[in-house]
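Read off the chains here:
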Amino acid sequence: MPEGHVIHRLAAHLNSRFRGGPLAVSSPQGRFEPSLVDASVLTLAEAHGKHLFLEFSTGHIIYIHLGLIGSLRFEPAADVWGQIRLRLVTGDEAANLRGPQFCRYVSPAEMQGIIDRTGHDPLRDDAVPEDLYARVRASKRAIGSLMMDQKLFAGVGNIYRAEALFRQGISPFLPGNQLGRAEFDAVWSDLVELMRYGVEHGRIDTVRDEHTPEAMGRDPRKDDHGGEVYVYRRAGEPCFVCGSPVAVRTVEGRNLFWCPGCQQ
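Residues numbered from 1 in each chain as written. Predicted model: local features only at pLDDT ≥ 70, side-chain atom pairs only at ≥ 80, totals over all residues. Heavy atoms only, no water.

**Section: empty space enclosed by the protein**
A full pass over the atoms with the stated rule returns 1 cavity of 30 Å³ or more. Contributing to the lining of the largest cavity are L14, L54, I64, L72, L86, L88, A95 and L97. In the lining of the largest cavity, the residues fall into 8 nonpolar, no polar and no charged. (1 Å grid on protein atoms, 1.4 Å probe; cavity = no way out; pocket = protein on both sides within 12 Å on 5 of 7 lines; lining within 4 Å. Points joined across faces, edges and corners; volume = space filled by probe spheres on them. Nonpolar A, V, L, I, M, F, W, Y, C, P; charged D, E, K, R; others polar.)

Encoded structure:
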């Protein structure tokens, strides 16, 4: 499932390239009714965590959640392939949505309801980390579990969860009610920094300068997700910092990666 920086990148591109003029809106797959917004103007694309909202001049709002297999790709308008649920075309560029978990019209009240159920997004200026910390401190759940809860840490996924905790030397199994305020602030600040980098560069890089392939004389990481990381998908490999084998455990159906040496 795409992490939050991907959704914010999509919103930024839509706002930059698809606003300001009427769009040709269609559903080649036939599973969405495009006529309500066809030939209208996109007024705003907005990301809240992993939720994407498209607001149109007609007053209609399209809600998109990519889920596990969905994608929204910007492609040449002449290049039409696959099962496209929603297609927006401006000039010679198209935004093609395939395989989303959700793609539907919502009312302003329904949109607000989704936002109200969404947690604090490190990429949004309206996030209130003080409120989030209060909820974390009230919980006995492990911080590694809490960080995957989209009603708390919106947009944070498996990679950012693992990497931020490693970078701060915090065990993913530490109960939320034992996480100190300084530790929480360090994790939150790290998430803001790392996810903003992801929005800007389109990839997740979490290693510090002294642990890059060039600095360590090692081969670059080869992974579909791209980017240089400390523990994510590195189970059994030596930690770049202490040399301990990176550990992995299935927690709530997801692989949790951490370094037993650095995150005691």
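**Quick word on the layout of surface pockets**
Within this model, the second largest pocket holds a volume of roughly 180 Å³. H51, R117, T118, Q150 and K151 are the residues nearest the centre of the second largest pocket, which is lined by 13 residues in total. Among the residues making up the lining of the second largest pocket, the classes are represented as 3 nonpolar, 6 polar and 4 charged. Two domains each provide a minimum of three residues to the lining of the second largest pocket, namely domain 1 (4–117) and domain 2 (129–258). (Domains from an automatic or database assignment.)

**What about the UniProt feature "domain: FPG-type" (unreviewed entry) in the protein?**
The positions UniProt marks with the feature "domain: FPG-type" (unreviewed entry) are residues 230–264. This span, residues 230–264, is 0% helix and 29% strand, and a straight line between its end C-alpha atoms measures 16 Å. (UniProt positions renumbered as here; feature names shortened; annotations may be inferred. Helix = DSSP H or I, 4+ residues; strand = E, 2+ residues; numbered from the N terminus.)

**Examining the domain arrangement of the protein**
Quoted interface sizes are often the accessible area lost when the parts come together. Examined at the domain level, the protein breaks down into domain 1 (4–117) and domain 2 (129–258). Once you take the C-alpha centre of each, domain 1 and domain 2 turn out to be 30 Å apart. Tallying the contact residues gives 7 residues for domain 1 and 14 residues for domain 2. For the pair domain 1 and domain 2, the summed buried surface comes to about 730 Å²; carbon and sulfur atoms form 63% of the total. On the domain 1 side of the contact with domain 2, H5, R9 and K50 bury the most area, a combined 65% of that side's loss. Summed over the shared surface of domain 1 and domain 2, the number is 0 salt bridges. In this structure, the connection of domain 1 to domain 2 is made through 3 residue pairs in polar contact (both at pLDDT 80 or more). Per-element accounting of the side of domain 1 that touches domain 2 gives the leading share, 4 residues, to helix α1 (residues 4–17). (Contact = heavy atoms within 4.5 Å. Buried area = accessible area lost by both parts, 1.4 Å probe. Salt bridge = Lys/Arg side-chain N within 4 Å of Asp/Glu carboxyl O. Polar contact = N/O pair within 3.5 Å; in protein donor to acceptor, adjacent residues only side chain to side chain.)

**Focus: the environment of R85**
You can see R85 is positioned in strand β6 (residues 84–90). For R85, a relative accessible area of 8% corresponds to the buried category. C-alpha separation for the pair R85 and Q29, spaced 56 residues apart in sequence, amounts to 5.3 Å. With sequence-adjacent residues up to four places away left out, R85 is seen in contact with S26, S27, Q29, R31, F32, L97, P100 and C103. A polar contact of 2.6 Å, which involves the side chain of R85, links it to the side chain of Q29. (Buried < 20%, exposed > 50% of the residue type's maximum accessible area, 1.4 Å probe, protein only.)

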